Amino acid sequence: MLWHASPVIRRSVVLMATLLAGLALPARGQLTSSDDREKPARLSIHPQGEPVPALKYQLLPTMLERRPGNAAVDYGKVTAERPLFSDDAAREATSELWQAPLEDLKTPEVRERLDLRAAFHTLDRAARRESVDWQLPIRDEPFYTILLPELQQMRSFGRLVAARARMQIADGQYDDAVETLKTGYALSRHVAAGPTLIHALVGMAIADMMNRQIEDLIQQPGAPNLYWALASLPRPFIDIRGGMEAEKSALYFSYPMLQDLERTDRGKEYWADALQEFWREFLKLSDSDADSFVGQPVVVAALSLKGYPLAKQVLVEQGMPIEKVEAMPVPQVILLASIRLYERLRDDHFKWFYVPYGQHGDGLRQAEEQLNRYQEQQLEIIPIASMLLPALSAVRSTTVRSDRQITALQAVEAIRMHAARTGKLPAALAEVAPPVPSDPVTGKPFEYRLEGDTAHLEGPILRDRPLRVEITLAK
C-alpha cells in the first residue's frame, strides 16, 4: 500500500494511547481496582455523619473565591518563579509522593521537598481564576504539529498538589486537605478546558490523583463526610465536547486543501496538485527523505489507478449521481471519496459521545468493528480513519470511568452516614439515606451485598476492569 503513517500524527495517537494506558492502571488502592485485577479494593471506614452545614465542604472553588483572570497565565508563573519546575530531576523527586504511603510523608526529608509555599500560593490563585485560555494556534498552524508543553507541566503540578493534600491527610489536617483538593480538582478542569482530547485526558488523570487522596482521607478517623461535596461536582466532571469539536475539525485545520472538495470551477491540474500536496504533507511528517520522491507525478497516477474505482463506488453509494462523479477529475474523486468515507466512519464513533454511556448498547462496539473491518480489508482509499479514530472508544470509556470513581466515593460516604446513624453497614443500598447514586456506566444502581461484616460494592467491567470494593467498619 502507498500509505505512510505520519510519526507526528502517530505521536498524537500514541500520546493518547499512553495516557489511556496510564488512566487504565489506577494507583494502588484506588476504587477502580487494586494492582491485581483479580483482587478487590479494600476500604476500612469510620462512621461519620454529614457536616453542619451540609455544604460546609466544597471540592471546587465557590463563586466567592473565584476571581477574574486567565488561569493559564498564573500557571505559567509557577515555573517562571520556581526554576524547580523546569528541572526534570527536581520535578521527578516529588513525582511519586502523591501515592506514597501516608506514614512515609511524615519524614523531615519529605517535608523539605514539599516546602514550596510560593509555588502553592500561585497554584491556589490560578485554580481560583474564573477562566482559562491556553491560546493554542489551532486555526493558524497544522493541528497535528502543535506542541503542548503545558500538559506535562500541568501533570507535574497535579502530582505536587496531590502530594500536599496527602501530607495534610497524614498530619490529620483534614480541612486543609480539602482546600488543597479544591485546588487540584479546579486545576484538572482547567487543563481539560484545552481544545483537544489530550487536554481532557490529562485533566482526567489529574482528577484521578485527587480521587485517590479522597479515598485515603475518608478512611481516617474523624475525617469529614464528603458526600455532599462529591454530589455537588459537575457530571460529567470533565466535559470533552470542546476536545471532540476540535478533533472533528482537526483534519481541515491541518490540511486546508480538503475543504470545498465539491467545487466544479477547478480543473484537473488543480486537483492533481491538491492530491499531491495532501500526500506530500503527510509524507513530510513521516519520512525525512520524502521530498526526494513525493513531488513526482507517479504519486497521483498510482493513487488514481489503485483508488479511483473504489472512490467512484463510494460516492455513488452515498447518493451522488454517477454522471456527476464521472465528470469530476480523477484526483478530485479520490480526495472527495476519502474524506466522505472518513467523515462517515468518524461520525459513527463521535455520535455515541453525546448519549449517556449506559445507553450505548452495541452502538460504539459496532462502530469499532466496522472500522476494524475497513482496516483489515483495506476499504479506504487513503486510510485517514484508520489513522485517526482507533483511540476514540477508549477515550469514551475513560471519561465514564473517571465519573464512576467519583460516584463510588460518594456511595462510600453515603454508607459512612448510614453507619453513623445505625452503628452498622447497611443490608441493602435501599436502606441508605441520602441515596447512593447510580453507576454512570450502566445508569443503574451499583451491585451491593452484605456478607457478615463486609459489604461488597461492585460494577460491571469497563475496558477489562471491574469495580470491586470491599468495605468494613474500622475497629
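Residues numbered from 1 in each chain as written. Predicted model: local features only at pLDDT ≥ 70, side-chain atom pairs only at ≥ 80, totals over all residues. Heavy atoms only, no water.

Okay, the overall build of the protein next. Along the protein, the regular secondary structure elements total 17 helices and six strands. For the protein, buried positions account for 54% of its 475 residues. Here the contacts in the protein between residues at least 6 apart in sequence split such that 75% fall between residues at least 24 apart. As displayed, the protein has an accessible area near 21,100 Å², and 52% of this comes from carbon and sulfur atoms. (Helix = DSSP H or I, 4+ residues; strand = E, 2+ residues; numbered from the N terminus. Buried < 20%, exposed > 50% of the residue type's maximum accessible area, 1.4 Å probe, protein only. Contact = heavy atoms within 4.5 Å. Areas by Shrake-Rupley, 256 points an atom, 1.4 Å probe, with all protein chains shown as cover.)

The subject of this paragraph is the packing of helix 14 (residues 330-350) against helix 15 (residues 363-377). Where helix 14 meets helix 15, the closest approach of the two axes is 8 Å, and the angle between their N-to-C directions is 150 degrees. It follows that helix 14 is roughly antiparallel to helix 15 by the angle criterion. Within the contact between the two elements, helix 14 uses L341, R344, L345, D348 and H349 and helix 15 uses L364, A367, E368, Q370, L371 and Y374. Class assignment for the residues of the contact of helix 14 with helix 15 results in six nonpolar, two polar and three charged. (Axes fitted to C-alpha atoms, helices over the stretch in contact; angles between N-to-C directions. Parallel < 35°, antiparallel > 145°, perpendicular 65-115°, else oblique. Nonpolar A, V, L, I, M, F, W, Y, C, P; charged D, E, K, R; others polar.)

The two faces of a sheet get side chains in turn, since along a regular strand they alternate between them. The alternating pattern of strand 1 (residues 41-45) places A41, L43 and I45 on a buried face and R42 and S44 on a face that is not buried. Sheet analysis places strand 1 next to strand 6 (residues 465-473), joined by five bridges and oriented parallel. Counterpart to A41 in the pairing with strand 6 is V469. (Pairing = 2+ DSSP bridges.)

Each α-helix turn comprises 3.6 residues. Residues three or four places apart therefore point the same way. Between its first and last C-alpha, helix 7 (residues 174-192) extends 27 Å over 19 residues, near the 27 Å set by a 1.5 Å rise per residue. The element helix 7 is largely enclosed, with a buried count of 15 among its 19 residues. (Expected span 1.5 Å × (residues − 1).)

Following the criterion strictly, the structure yields 27 salt bridges and no others. The salt bridge partner of R263 is D265, with a shortest N-O separation of 2.7 Å. The partner of E458 in a salt bridge is R449, and the shortest N-O contact between them spans 3.2 Å. On the basis of relative accessible area, E458 is assigned to the buried category, the value being 17%. Note on R449: relative accessible area 35%, which makes it partly exposed. (Salt bridge = Lys/Arg side-chain N within 4 Å of Asp/Glu carboxyl O.)

One simple way to see leftover space: roll a probe sized like a water molecule over the atoms. Counting across every chain of the model gives two cavities of 30 Å³ or more. Looking at the second largest cavity, its volume works out to about 30 Å³. Together, P51, A54, L55, Y57, N225, L226, W228 and A229 line the second largest cavity. A per-class count over the lining of the second largest cavity returns seven nonpolar, one polar and no charged. (1 Å grid on protein atoms, 1.4 Å probe; cavity = no way out; pocket = protein on both sides within 12 Å on 5 of 7 lines; lining within 4 Å. Points joined across faces, edges and corners; volume = space filled by probe spheres on them.)

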